[in-house]
Amino acid sequence: MLREGRLIKVIIGALAIVVFTANFILASESEESHGEASGHGKFDPGSFIFGHIGDSYDWHIIDIGQKSISIPLPVILFSKEKGIIIFWSSRFKHGHASYKDFRLETEGENKGKIIETLSDGSEVIPFDISITKNIAALFFSIILILIIFINVGNAYKKRPDQPPRGLQSLLEPVILFVRDEIAKPSIGEKKYESFMPFLLTVFFFIWINNMLGLIPIFPGGVNVTGNIAVTMVLAFFTFTVTAIRGNKNYWKHIFNTPGVPIWLKLPLPIMPVVETIGIFTKPIVLMIRLFANITAGHIIVLGFVSLIFLFGEIQPFLGYSVSVVSIMFIIFMTLLELLVAFIQAYVFTFLSALYFGMAVEDHH
Amino acid sequence: MGLLMPHTGTVIWMLIGFLAVFFLLKKFAWKPVLNALKHREESIENALRAADAAKQDMERLHIDNERIIAEAKQERDRIFKEARDLKETIVLDAKEQAISEAEKLIETARSNIKSEKNAAIKEIREYAVQLSVHIAEKLLQEKLAGDKEQKELIDKLLRDIKTN
C-alpha cells in the first residue's frame with residue numbers, strides 16, 4: 001500500500017515537473033519574443049530569472065505565441081498630491097502606457113517601480129501598497145492554509161478522542177513533530193505550550209509557501225518565502241516574541257553575562273554590546289537564510305531552463321539536446337527543493353524555538 | 001524591485017496577513033488540535049495505566065488463588081491427618097475400653113464365681129451338717145443291731161456321702 005502510494009506520488013511529482021518545465025519553456029519563449037519586440041533581440045537569462053523570482057504588478061500566467069496572458073492586480077498608491085489611488089495594473093499595458101500621472105518604469109535604477117509625475121514636473125515614487133504578484137500569492141496561500149487547518153481543527157472538535165482521518169492523519173504527525181521534536185526539546189516541557197500556536201503557524205506558513213513556490217503553474221510558482229520582505233516579517237515576529245517573553249534571567253545574560261571576567265564588561269562594555277548585537281543578528285540570520293535558500297533554489301531551476309534557450313539560440317537542435325540534460329537536472333533540483341522546503345521550515349521554526357527557549361529559561 | 005531591499009508594501013501586507021493567519025489559526029485550529037491531542041494522549045495514558053492496574057490485579061488474584069488453593073490443600077491434609085489420628089485414638093481407646101471392660105467382666109465373673117463357690121461350699125457344708133445330723137439320726141435309730149452291723153452301716157453311709 002505504502003509503496004504504491006509512494007510510486008503514485010513520484011509519478012505525480014514527475015508530471016508536475018514536466019508541466020513546470022513546459023510552463024517555463026512557454027514563459028521564456030514569450031520573454032524572448034518580448035525581448036525581440038522591445039528590440040533586444042537576444043534571450044537574457046538575467047532578466048528572465050529575476051522576472052520570475054521578483055515581484056510584479058500583474059500575475060503572469062502563460063504566453064501563447066505573441067499573446068501574453070496575465071491577471072491584472074490592483075495597484076494601490078498613496079500620493080501626496082492625489083491621496084489614495086486604486087486602479088488595475090492592466091492600465092500600464094506592461095509598462096507601455098501610463099495611467100493618470102503614474103507610469104511603470106522599465107529602465108534604470110527604479111526599474112519595475114511606479115513613478116508619479118508631480119504637477120511641477122518632478123518625479124517621485126509614491127507610497128505603494130499594491131496587491132502585487134507576491135502579495136496575491138501570499139493571500140492565496142493564506143486562504144489555503146486557513147481552509148486546511150480550520151478544517152483540521154473542526155475535525156478534532158467533531159471527533160474527539162478518535163484516530164485521525166483524512167487530512168487530519170496527514171497533518172497530525174507534522175503537528176506532533178513540531179511539538180515533540182521542535183518545541184519540547186528547545187523550550188522545555190513546562191513552558192512550550194504558549195509558544196505552540198506561533199511555532200505551528202510559522203512552520204506551516206513557511207512549509208506550505210515553500211511548496212507552493214515549487215508548483216510551476218498558477219497559482220503556485222511565486223517566490224513568496226524567497227521574498228526578503230516576507231522573511232523579514234517572519235523573523236521580526238520571532239524577534240518580538242523573544243523580546244516580549246524574555247525573562248529577567250535572559251536580560252541578565254545579555255547585559256551582565258555571568259561567568260565572564262569583569263574586564264569584558266567594564267569599563268568597555270564589550271560583552272553587553274556583543275550580546276545586544278546578537279539579539280538582532282539572530283532574527284536577521286533567520287531572515288536571510290530562508291530568503292537565500294528559497295531564492296537560490298528558484299534561481300538554479302530557472303538557470304537550467306535558461307541554458308536550453310541560450311543553446312537554442314546558437315542552434316535549435318543544440319537546444320533540444322541540452323534540454324534533456326537540463327530537464328533531468330531540473331527534476332533533480334525540484335525534488336531537492338521539496339526537501340529544502342521542509343528543512344527550511346524546520347530550521348526556521350527550530351531556531352525560533354531555541355531563541356524562545358533561551359528567553360524563558362530559568363536560572364540554573 | 002530590488003531583490004534584497006524589502007518592499008514596504010509587501011512588509012505591510014505580510015504583517016497583516018501573517019497576524020490574521022496567526023490569530024485565526026490560533027483560535028480555530030491550534031487550540032482544538034492541541035487540546036484534542038493532549039486529551040487523547042491523556043486518555044491513552046489513562047487507559048494504559050488502567051490496563052496495567054488490571055493486569056496487576058489479575059496477577060494478584062492469580063497469586064491469591066494459588067495461595068488459597070495451597071491453603072485448601074494444606075487444610076485438607078491437616079483434616080485427613082486429624083481424622084487419621086482421631087481414628088487411631090478412637091480405635092485405641094475402644095481397644096483399651098474393651099480390654100478394661102473385659103477385665104471388669106472377668107473380674108465380676110470371677111468374684112461371682114467366687115461368691116457362688118463360697119455359697120456352694122456353704123450350702124455343701126450345711127448339707128453335710130444336715131446329712132451328718134441325718135446320718136447321726138439314722139445311726140441312733142439303728143442302735144438295735146451289733147457293733148459290727150453298726151460299723152458296716154456307717155461305712156456304707158459314708159460311702160454314700162462320698163459318692164454324693
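Each chain has its residues counted from 1, running along the sequence as written. Whichever chain is written first is A, and whichever ligand is written first is 1; the rest continue in order. In keeping with the predicted nature of the model, local features appear solely for residues at pLDDT of at least 70, side-chain atom pairs appear and are counted solely at 80 or more, and the whole-chain, interface and lining totals rest on all residues. With hydrogens and water excluded, all non-hydrogen atoms of the structure serve as input to the side-chain values.

## Looking at the overall build of chain B
Consideration 1: Numbered from the N terminus, helices here are DSSP runs of H or I no shorter than four residues, and strands are runs of E no shorter than two. Along its length, chain B carries two helices and zero strands.
Consideration 2: Expected size for 164 residues packed as a compact globule is a radius of gyration near 15 Å; at 63 Å, chain B overshoots this value by more than 25%.
Consideration 3: Buried residues are those whose accessible area, probed at 1.4 Å on protein chains only, stays under 20% of the maximum for their type, while exposed residues exceed 50% and partly exposed ones sit between those limits. The burial tally for chain B puts 14% of its 164 residues in the buried class.
Consideration 4: Per-residue and other accessible areas follow the Shrake-Rupley method at a 1.4 Å probe size, with only the shown protein chains counted as cover for residues. Looking at chain B as shown, the accessible area adds up to about 13400 Å², and 60% of this sits on carbon and sulfur atoms.
Consideration 5: Residues scored as charged are limited to Lys and Arg (positive) and Asp and Glu (negative), so that His and the chain ends carry no count. For the purpose of locating charges, the reference atoms are NZ of Lys, CZ of Arg, CG of Asp and CD of Glu. Averaging the locations of the 29 positively and 29 negatively charged side chains of chain B gives two centres separated by 6 Å. Radius of gyration here is computed from C-alpha atoms only, and the compact-globule reference equals 2.2 Å multiplied by the residue count raised to the power 0.38.

## Things to note about helix α2 (residues 45-53) of chain A
At 3.6 residues per turn, the α-helix brings residues three or four places apart onto the same side.
Residue and element names in this part refer to chain A.
Consideration 1: Where α2 is concerned, the buried positions are F48, I49, H52 and I53. Buried positions in α2, seen along its axis, are confined to an arc of 115° and lie on one side of it.
Consideration 2: Between N or O atoms, a polar contact is any pair within 3.5 Å; within protein, one atom must be a potential hydrogen donor and the other a potential acceptor, and residues adjacent in sequence are included only when both atoms are from side chains. Sitting at the amino-terminal end of α2 is D44, which places a side-chain oxygen 3.1 Å from the backbone nitrogen of G46. By construction, the arc corresponds to the directions joining the helix axis to the C-beta atoms.

## Side note on the sheet that holds strand β3 (residues 74-79) of chain A
Residue and element names in this part refer to chain A.
Consideration 1: What the three strands build is an open sheet, ordered β4-β3-β8; its pairing is antiparallel. Two strands lie at the open edges of the sheet, namely β4 (83-88) and β8 (127-128), each paired on one side alone.
Consideration 2: Across two bridges, the pairing between β3 and β8 is antiparallel. Following the sheet pairing, F78 is matched in β8 by F127. By definition, two strands form a pair when at least two bridges between them are found by DSSP.

## Topic: the packing of helix α5 (residues 196-214) of chain A against helix α1 (residues 8-141) of chain B
Consideration 1: Between α5 of chain A and α1 of chain B, the shortest axis-to-axis distance is 9 Å and the interhelical angle comes to 120°. Taken as a pair, α5 of chain A and α1 of chain B cross one another with a handedness that is right-handed. Touching M196, P197, F198, L200, T201, V202, F204 and F205 of chain A of α5 of chain A are M14, F18, V21, F22, L25, K26, W30 and L34 of chain B, all from α1 of chain B.
Consideration 2: Residues that form the contact of α5 of chain A with α1 of chain B fall into these classes: 14 nonpolar, one polar and one charged. For helices, the fitted line uses only the C-alpha atoms of the stretch in contact; every axis is such a line through C-alpha atoms, and the angle between N-to-C directions lies from 0 to 180 degrees. Two helices cross in a left-handed way if the nearer one is turned anticlockwise from the farther one by less than a right angle. They cross in a right-handed way if the turn is clockwise. For this analysis, residues touch if any pair of their heavy atoms sits within 4.5 Å. When residues are grouped by polarity, Ala, Val, Leu, Ile, Met, Phe, Trp, Tyr, Cys and Pro land in nonpolar, Asp, Glu, Lys and Arg in charged, and all others, Gly among them, in polar.

## Describing the packing of helix α6 (residues 228-245) of chain A against α1 of chain B
Consideration 1: Taken N-terminus to C-terminus, the directions of α6 of chain A and α1 of chain B make an angle of 50°; their axes are 9 Å apart at the nearest point. Between α6 of chain A and α1 of chain B, the interaxial angle falls into the category oblique. In this structure, α6 of chain A crosses over α1 of chain B, and the sense of that crossing is right-handed. Touching A229, V230, M232, V233, L234, F236 and F237 of chain A of α6 of chain A are T10, V11, M14, L15, F18 and L19 of chain B, all from α1 of chain B.
Consideration 2: Taken together, the residues that form the contact of α6 of chain A with α1 of chain B break down as 12 nonpolar, one polar and no charged. The labels follow the angle: roughly parallel below 35 degrees, roughly antiparallel above 145, roughly perpendicular from 65 to 115, and oblique for the rest.

## Some points on the interface of chain B and chain A
Consideration 1: The partner chain A presents 53 residues to the 35 residues of chain B that form the contact.
Consideration 2: Here chain B packs against chain A, burying approximately 4000 Å² in sum over the two surfaces, 80% of which is carbon and sulfur.
Consideration 3: Counted as salt bridges are all cases of a side-chain nitrogen of Lys or Arg within 4 Å of a carboxyl oxygen of Asp or Glu. Linking chain B with chain A are three salt bridges, by the criterion used here.
Consideration 4: Residue R179 of chain A pairs with E41 of chain B through a salt bridge whose shortest N-O separation is 2.6 Å.
Consideration 5: Along the contact surface separating chain B from chain A lie seven residue pairs in polar contact (both at pLDDT 80 or more).
Consideration 6: For the side of chain B that touches chain A, a count of residues per class yields 24 nonpolar, seven polar and four charged. Summed over both partners, the accessible area lost on bringing two parts together, with a 1.4 Å probe, is the buried area.

## Considering the pattern of salt bridges
Consideration 1: Summed over all chains, the structure comprises 17 salt bridges over all chains.
Consideration 2: One salt bridge connects D57 of chain B with R60 of chain B, and the closest N-O pair in it is separated by 2.6 Å. Remark: R60 of chain B and D57 of chain B occur in helix α1; sequence separation between them is three residues, near one turn of the helix.
Consideration 3: Its relative accessible area of 38% is what places D57 of chain B among the partly exposed residues.
Consideration 4: R76 of chain B is paired through a salt bridge with D77 of chain B; the nearest N and O atoms lie 3.3 Å apart.
Consideration 5: We classify D77 of chain B as partly exposed; its relative accessible area is 43%.
Consideration 6: One network of salt bridges, with partners in common, ties together R179, D180, K184 and E189 of chain A together with E41 of chain B.

## Regarding the packing of aromatic side chains
Consideration 1: Centres within 6.5 Å are what make two rings of Phe, Tyr or Trp a pair, Trp counting through its six-membered ring; a difference in plane orientation under 30 degrees is then read as stacked, over 60 as edge-to-face, and the rest as tilted. Summed over the entire model, instances satisfying the criterion amount to 32 aromatic pairs over all chains.
Consideration 2: Seen from their ring centres, F317 of chain A and Y320 of chain A are 5.6 Å apart, and the 75° between their planes marks the pair as edge-to-face. Placement of both F317 of chain A and Y320 of chain A in helix α9 (residues 316-360) is noted, with a separation of three residues, approximately one turn of the helix. Taken individually, F317 of chain A and Y320 of chain A each receive the classification exposed, so the pair is uniform in this respect.
Consideration 3: An aromatic cluster is built from F149, F177, F203, F204, W207, F342, Y346 and F350 of chain A together with W30 of chain B, whose rings are joined through pairwise contacts.

## Comments concerning α5 of chain A
Consideration 1: Along its 19 residues, α5 of chain A runs 27 Å from first to last C-alpha, staying within 8% of the 27 Å computed at 1.5 Å per residue.
Consideration 2: Most of α5 of chain A sits out of view: 18 of its 19 residues are buried. The span you would expect from a helix comes to 1.5 Å times its residue count less one.

## Let's talk about the nonpolar core
Consideration 1: Nonpolar cores are built from buried Ala, Val, Leu, Ile, Met, Phe, Trp, Tyr and Cys residues. Side-chain atoms within 4.5 Å join them into one set. Counting residues in hydrophobic clusters, the biggest one holds 75 residues, and the most contacted among them are F149 and F204 of chain A.
Consideration 2: Broken down by secondary-structure element, the contributors of at least two residues to this core are α3 (133-158), α4 (167-187), α5, α6, α8 (270-314) and α9 of chain A together with α1 of chain B.
Consideration 3: Looking at which element gives the most residues to this core, the answer is α1 of chain B, with 13 residues.
Consideration 4: The residues touching F149 of chain A, leaving out its near neighbours within four places in the chain, are L171, F204 and I208 of chain A together with L25, F28, A29 and W30 of chain B.
Consideration 5: Of all hydrophobic cores here, the second largest spans 12 residues; its members include F43, F309, I330 and M333 of chain A.

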